[in-house]
Amino acid sequence: MRLDKYLKVSRLIKRRTVANEACDAGRIQVNGRVVKAGYEVKTGDVIAIAMGARTVRVEVLQVAEAVRKDDAAAMYRELPE
């Protein structure tokens, strides 16, 4: 699954266009590398999202095309900074 779509489906970022813009601006890293929105997310990847002064790091636990809002948090595990 594309990175921008994963960020939207997992509800880490509300809209896919916002996720796409964050990727283009270089604010998203996967496994320590800045990546484009088309990066294929795999289980075990570590995603770092720079939001203002704060950076959120998560580990991908599962990749699913469609998830209910209640189950979205099960797609990733938040890591300490």
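Only a predicted model underlies this, so the values are computations on that prediction, with no experimental measurement involved.

Reading the values: rules and limits
- Residues numbered from 1 in each chain as written.
- Predicted model: local features only at pLDDT ≥ 70, side-chain atom pairs only at ≥ 80, totals over all residues.
- Heavy atoms only, no water.
- Buried < 20%, exposed > 50% of the residue type's maximum accessible area, 1.4 Å probe, protein only.
- Helix = DSSP H or I, 4+ residues; strand = E, 2+ residues; numbered from the N terminus.
- Arc of directions from axis to C-beta.
- Contact = heavy atoms within 4.5 Å.
- Salt bridge = Lys/Arg side-chain N within 4 Å of Asp/Glu carboxyl O.

(A) Summary view of helix α2 (residues 16–24). Among the residues making up α2, those that are buried are A19, A22 and C23. Down the axis of α2, the buried set is contained in an arc of 100°. They therefore lie on one face. Exposed positions of α2 whose direction lies more than 90 degrees from the buried face are T17, E21 and D24. Residues of α2 that are buried make contact with α1 (3–9) and β1 (28–30). Immediately downstream of α2, the backbone of G26 shows phi near 80°, a positive value.

(B) Broad picture of the environment of L12. Among the secondary structure elements, L12 is positioned in the loop between α1 and α2. Along the chain, L12 and G52 lie 40 residues apart, while their C-alpha atoms are 15 Å from each other. Those residues in contact with L12 that sit more than four places away from it in its chain are Y6, L7, I49, M51, V58 and Y76.

(C) Geometry of the pattern of salt bridges. Per the counting criterion, the structure on display carries seven salt bridges. The residue R54 makes a salt bridge to E78 at a minimum N-O spacing of 3.9 Å. Taken together, the positions of R54 in strand β4 (residues 54–60) and E78 in strand β5 (residues 76–79) put the pair 24 residues apart, joining distant regions of the chain. Through salt bridges that share partners, R2, D4 and R16 make up one connected network.

Everything listed here is a matter of coordinates, which is why it stays silent on function.
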